[in-house]
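So the chains spell out like this:
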Amino acid sequence: MSFFGLDCVRKKEREQERKLRANDREYNLPFRYATNAIKTSKYNFFSFLPLNLFEQFQRIANAYFLFLLVLQVIPQISSLSWFTTVVPLVLVLSVTAAKDATDDINRHRSDNQVNNRKVQVLIDRKLRSEKWMDIQVGDIIKLENNQFVTADLLLLSSSEPLNLVYIETAELDGETNLKVRQALPVTGDLGGDMEKLADFNGEVRCEPPNNRLDRFTGTLTYAGQKYPLDNEKILLRGCTLRNTEWCFGLVLFAGPETKLMQNCGRTTFKRTSIDRLMNVLVLCIFGFLAFMCTILAIGNYFWELHKGTEFTIFLPRPDGNDAAFSAFLTFWSYVIILNTVVPISLYVSVEIIRLGNSFYIEWDRKMYYARNDTPAEARTTTLNEELGQIKYVFSDKTGTLTQNIMTFNKCSINGKSYGDVYDYTGQRLEITEHTETVDFSFNPLADPRFMFHDHALVEAVKLENPEVHAFFRLLALCHTVMAEEKTEGELLYQAQSPDEGALVTAARNFGFVFRSRTPDSISIVEMGKQRSYELLAILDFNNVRKRMSVIVRSPEGKLSLYCKGADTIIYERLHQSCSKLMDVTTEHLNEFAGEGLRTLVLAYKDLDEEYFNQWKQRHHEASTTLEDREDKLDQLYEEIEKDLLLLGATAIEDKLQDGVPQTIEQLSKADIKIWVLTGDKQETAENIGYSCNLLREEMNEVFIISANSLEDVRQELRNARTCMKPAAAENSVFLPERILGKGVKVVADDVVNGEYGLVINGHSLAYALESSVEQEFLNTACMCKAVICCRVTPLQKAQVVELVKKYKQAVTLAIGDGANDVSMIKAAHIGVGISGQEGMQAVLSSDYSFAQFRFLQRLLLVHGRWSYLRMCKFLRYFFYKNFTFTFVHFWYAFFCGFSAQTVYDQWFITLYNLMYTALPVLGMSLFDQDVNDVWSFQHPQLYVPGQLNLYFSKKAFFKCALHSCYSSLVLFFIPYAAMYNTVRDDGKDVADYQSFALLTQTCLLFAVSIQLGFEMSYWTVVNTFFVLGSLAMYFAVTFAMYSDGMFLMLPSAFPFIGTARNSLNQTNVWLTIFLTSILCILPVVTYRFLMVHLCPTINDKVMFKVRQAKAMPPPPPRRARIRRTSSRRSGYAFSHAQGYGDLVTSGRFLRRPAVSRSSGFAHGRPTTGFSPMGRSAGYSPTGRPQNTKTPDVEVTSLQMYRSIRDPAL
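Here's what I pulled together on the structure shown here. (Residues numbered from 1 in each chain as written. Predicted model: local features only at pLDDT ≥ 70, side-chain atom pairs only at ≥ 80, totals over all residues. Heavy atoms only, no water.)

### As for the overall build of the protein chain
This is how the line gets drawn: The helix and strand labels rest on DSSP assignments: H or I over at least four residues marks a helix, E over at least two residues marks a strand, and numbering proceeds from the N terminus. Relative accessibility under 20% of the residue-type maximum defines a buried residue, over 50% an exposed one, and the middle range a partly exposed one, all with a 1.4 Å probe and only protein chains included. Residues count as neighbours in contact if any of their non-hydrogen atoms are within 4.5 Å of one another. Calculation of accessible area relied on Shrake-Rupley with a 1.4 Å probe; when residues are assessed, cover is drawn exclusively from the protein chains displayed.
Broken down by element type, the protein chain carries 41 helices and 36 strands. A total of 1209 residues make up the protein chain; the buried ones form 56% of that total. At a minimum sequence separation of 6, the contacts of the protein chain that also span at least 24 residues come to 76%. A total of about 51,600 Å² of accessible surface is found on the protein chain, and carbon and sulfur atoms cover 57% of it.

Next up, the structure:
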């Protein structure tokens, strides 16, 4: 570590494979593995000042003002005192340094807190308490219950039976469910024996440090045997040990090499479009400043040649100073004087405005979610105005548009649909809170909060229908849920996904209660009878398989495989005899899809004992190999999961969040395009799109892109474009990427008649994102009102966002709630995280966060629009007042011999931006609003000008510069003419330099204050106080500085003695101030009057309505309930994660033996850890109280009849 805190150590070669030996620091030392100390801070005590100043002066504005300060200390060219620049510069540098120091001190405290945590380490055959920072690779450490995991560990042994541990991984992946890890049997035998642990000298060879949280490969060599290592034997730093008394672990990766720290990559610094525009404008201003200084220097050169000789008698020149050298010095003198075109206070004010508008977001009670005690949070303060310019919103579906709380609603068993309620005429009834629920009193182990309304299913269970029993038996056996029963009958399920929790709970209520599991068995209660099934294998779920299976042996010795998964996947593996049943089930699946339900197909097969034994042997060989382990296991899974017999299908509802349809409707009216990027299958996402108003039946057409080749995808996209706009195909000429180069062509939107939607699935999207097709895809998608991308990976989500950013001159926003949304959130201009059911990973990576999707409309249409409006008004006014201030110097130069004399008093120059005009413009920028929030919602079209950059652009900037030029002419020549050859009331001369300077600066202050009043739309007590107070402050300070006392104290600093009282008591001075103010404002009033009457903007129209309504809030619009009958196919969106299955197989799994229990049907009703909602079982992975309020959106209807077929016919 170098003196300045920079890592100057020679970087070691990239690690290819990690080798380490337990309890042998000498062996591990030559590899130079990182220690367990972490460092997230940037500075130390000695490096802070130089490094921080170096960073601050990388900003062009700060470097510019430092350059000016250097010029001002050169007497030959400086006509201003050094303090006019050094005071604001030091203020800005100090405030920024204080902020950076505070942030870094907090980082130091956090680092020290973590590094100084204590943990027990096995050293010299004894457990010693050591600091985290002193832990090294190869150490064996002991963790106790509720402790954080110190480093990335190989689990050696634990206090639990079968060497299991339970961990919470919320800091890693946002999941609040408990996960299970299990040690190898060979290390588990070490137990807690210190002597055995101290003698353990196993060697580990594993992958190098990486950021993959979901995989680990390695081997342990011990006692001459080699054992495979995978992710299920690893405890990662950031996890917390739960429900486990103690465990021992071997440190594999420490400190910055742990997977947690490897995932803490730097977030891309985001800048707003206004920031980027400002950089361009500042460079233009610098160029214009150099141009003005050059003109004045040339003027000085000619003046010195023709007039300068007349003054050399009483103003002798130093030797060698000719006209050219004088002009050179004059150039730099005017660089100093005219530097106020870019005042440093501009950047200070911008940061204050952004900070204030961020507080408004956090203080907004209408964005506070009381149920979870979650307020909105502005996690960054630099992007507020960008919220007022959003054109594209990219949204996740599950947990963002929906609640991620699953309710078991319907099912299809052996060709019969269950879940609907019918009256005596056979008409289907709408299910409400008052609909009669099924009585589960026959089952004392049922969840008391589970609700189901179709009595036919319970009757089928009671009548011991074999297919119905097989259906619920499968749900009770085929899962990776953990059951915890602390006391008799009190069941608490820990499920990896809310889907699984809802399914197991449904089986529980219908009489098939999952009670417990051991590594090789599953205990369930079937209709009051305790039964134990031998668990032989779990064929685990992953994103490719999209299914999971279990192989069990019943108490009667029957071998069975139970499988559940996506409909399309299961259908491919069914026996031919199921074709008729498959057709009926497909109809039911289509019916379930009409409500956007998540579907799952269930199937089974009986296995031959001899075949299974052969398969089991091959499975063991594949699971212990180090090469292509996953591919070999997949082949085995494919082999055995064939010729399945169909049982039926489940339908789970992922409820929409409150207000989602209304929010999407409002955002659409604001011309914001919404793209849904989801991992769900096409049919589910499409139906959720309809239920949340993203897609509508009234649309001209919804295009489905589902081709399987590059050319087919291109053709389908072109066909869609031709349908929307026939002429588009002929004009679709796209430049190849090599021609575009860095200067990427901005693709304009095509205007189409009508509204269209686009749905594209994952494999088609992969082709659409290739460089040769991406512009075709983008053009087609941008012509549509709504776009839904299905089955997309996290990487594809980010690629879609990057594609729009690349070719569209538009601001993007991504919103999501899960770890799979992080890449999309980081890629967009604005990232919004929803603190929902999938943890906090998205929130931690976001710029803004809140609890409900419906708050997005308030964030954009109110806070975003106001922030953008305020910032644009601020910039227009700030440039106006400073250009006007500076241009007066330019005109004065032609009357002072280009001598670089200032037209104002030096103290006025210093205080103009810091005191006289700072608070009024800040007041406008923090409190101004054209209309209130109610009118903003009533007229979402008010948002459109922000998307088009109408409030501040290069054009608006040059208009502002022209206005300033006119005002400066008035402010110089009117006072000049008014004082030329005039006398005071007593006949004395008034036309001296100091009186003229006082009159000009007073006229300037009045003119810019009145202009501010015209800019302001919303006057408050604070605004009024700031404007009037600043004027009062000007006169108070002026009279004080121009007093006799100040002159006597410091004659050189306060030369304007008596000027104020001698000038401001003259009537003609005040008349001049009045005249200049009128002339400055008159063109503005005239222009605005004509524009409002001839070309009114949407803001003018709405503000006119507001004045007509006398600011009374408009009545809320009535919303028609949306009803839709659809037969669109549903989608399987199983949110289960890979990995649990391996933990259950091979004679290993979960928990110490449960309390002794009987079958349970003779006991009272139990309590559970669930909080179901709606009309059936609801499962929340967090265990939080769930919403029991029905969303204000009527569920779309199914077909009004039911088709019942007897499978025997």
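And the narrative resumes.
### Examining the nonpolar core
Filter applied, for reference: Residues belong to a common nonpolar core when they are buried Ala, Val, Leu, Ile, Met, Phe, Trp, Tyr or Cys residues joined through side-chain atoms within 4.5 Å. The source of the domain bounds is an automatic or database domain assignment.
If you look at the biggest cluster of nonpolar residues, it comprises 100 residues, and the most contacted ones within it are Y334, L346, F874 and F879. Counting the residues that make up this core, at least three belong to each of domain 2 (275-340) and domain 3 (344-349 + 868-1109). Leave out the neighbours within four places in its chain, and F879 touches M278, I285, V341, L346, F952, F957, C960 and S964.

### Some points on the sheet that holds strand β30 (residues 701-705)
Here is the rule we go by: Here a strand pair is declared whenever DSSP counts at least two bridges between the two strands. Fitting a line to C-alpha atoms yields each axis, with helices limited to the stretch in contact; the angle taken between N-to-C directions then spans 0 to 180 degrees.
Within the open sheet, the nine strands sit side by side as β14-β35-β34-β33-β15-β29-β32-β31-β30. Their pairing is mixed. The open sheet has two free edges, formed respectively by β14 (377-378) and β30, since each of these has just one partner strand. One ladder, built from four bridges, connects strand β31 (residues 756-760) with strand β32 (residues 786-789); its direction is parallel. Residue pairing in the sheet places I760 in a bridge with C789 of β32. Set on the sheet, helix α25 (residues 774-782) makes contact with β15 (390-395), β29 (673-677), β31 and β32; between it and β29 the angle comes to about 125 degrees.

### With respect to the packing of α25 against helix α26 (residues 794-807)
Rules: For this classification, under 35 degrees means roughly parallel, over 145 means roughly antiparallel, 65 to 115 means roughly perpendicular, and everything else is oblique. As a working rule, the residues Ala, Val, Leu, Ile, Met, Phe, Trp, Tyr, Cys and Pro are called nonpolar, Asp, Glu, Lys and Arg charged, and the rest polar, with Gly in that last group.
Their axes nearest at 11 Å, the elements α25 and α26 cross at an angle of 85 degrees. Here α26 runs roughly perpendicular to α25, going by the angle between their axes. Judged by residue contacts, E774, Q775, F777 and L778 of α25 engage L803, V804, K806 and Y807 from α26. Here the residues of the contact of α25 with α26 are counted per class, giving five nonpolar, one polar and two charged.

### Structural notes on the environment of C723
With respect to the helices and strands, C723 occurs in helix α21 (residues 710-724). Spatially, the C-alpha atoms of C723 and Y756 are 10.0 Å apart, while their sequence positions differ by 33 residues. C723 has contacts with E701, F703 and Y756, leaving out every residue within four places of it along the chain.

### A word on the sheet that holds strand β10 (residues 225-229)
Think of a sheet as strands paired side by side through backbone hydrogen bonds, with each pair either parallel or antiparallel. The four strands are arranged β1-β8-β9-β10 in an open sheet whose pairing can be described as antiparallel. Either end of the sheet is taken by a strand with one partner, and the two such strands are β1 (18-21) and β10. Adjacent strand axes in the sheet meet at a mean angle of 20 degrees, parallel and antiparallel pairs treated alike. Pairing of β1 with strand β8 (residues 203-206), which is carried by four bridges, proceeds in the antiparallel orientation. Paired with L20 across the strands is V204, a residue of β8.

### Overview of unusual backbone geometry
Residues apart from glycine generally show negative phi values, whereas peptide bonds are mostly found in trans. The phi angle at E464 is positive, at roughly 60 degrees, despite the residue not being glycine. Tracing the sequence through the fold places E464 in the loop between α12 (455-462) and α13 (466-477). The backbone of F898 sits at a positive phi, close to 50 degrees, despite the residue not being glycine. Mapped onto the fold, F898 is located in the loop between α29 (855-893) and α30 (906-916).

### Some thoughts on the side chain of S849
With respect to the element layout, S849 can be found in strand β35 (residues 848-850). By relative accessible area, S849 is classed as buried at 5%. Among residues more than four places away in sequence, those in contact with S849 are P375, A376, E377, R379, G833 and V843.

### Points about the side chain of T1072
You can see T1072 is positioned in helix α39 (residues 1067-1094). Overall, the relative accessible area of 7% leaves T1072 in the buried class. The contacts of T1072, once residues within four sequence positions are left out, are I974, P975, A978, L999 and C1003.

### Side note on the pairing of strand β9 (residues 218-222)
Walk down a regular strand and you will see the side chains alternate between the two sheet faces. When you tally the buried positions in β9, you get four out of five residues, the bulk of the element. One ladder, built from four bridges, connects β8 with β9; its direction is antiparallel. Among the inter-strand pairings, E203 is bridged to a residue of β9, identified as T221. Between β9 and β10, which pair antiparallel one after the other, the connecting turn spans two residues, and A223 there sits at a positive phi close to 55 degrees.

### Quick look at the environment of D540
Its place among the elements puts D540 in the loop between β24 (529-539) and β25 (547-553). With 61 residues separating them along the chain, D540 and H479 place their C-alpha atoms 9.4 Å apart.

### Description of α12
Residues lying three or four places apart along an α-helix face the same way, a consequence of the helix completing one turn every 3.6 residues. Inclusion rule: The arc refers to the directions leading from the helix axis to the C-beta atoms. In the analysis that follows, any N or O atom pair within 3.5 Å is treated as a polar contact, provided that within protein one partner can donate a hydrogen and the other can accept it, and provided that, for residues neighboring in sequence, both atoms belong to side chains.
Every buried residue of α12 is accounted for by L457, V458, A460 and V461. Down the axis, α12 shows its buried residues gathered within 160 degrees of arc, on one side only. Measuring from the backbone nitrogen of A456 back to the side-chain oxygen at the start of α12 gives 3.1 Å, which picks out D454 as the cap. Looking one or two residues past α12, E464 carries a phi angle of roughly 60 degrees, positive in sign.

### Concerning the pattern of salt bridges
Quick reminder of the rule: Should a side-chain nitrogen of Lys or Arg be within 4 Å of a carboxyl oxygen of Asp or Glu, the pair is scored as a salt bridge.
What the rule picks out here adds up to 48 salt bridges. Measuring nitrogen to oxygen at the nearest pair gives 3.4 Å for the salt bridge that ties E232 to R181. Note that E232 is positioned in the loop between β10 and β11 (234-235) and R181 in strand β7 (residues 178-182), a separation of 51 residues in sequence. Overlapping salt bridges, with partners in common, bring together R547, E572, R573, E638 and E641 in one network.

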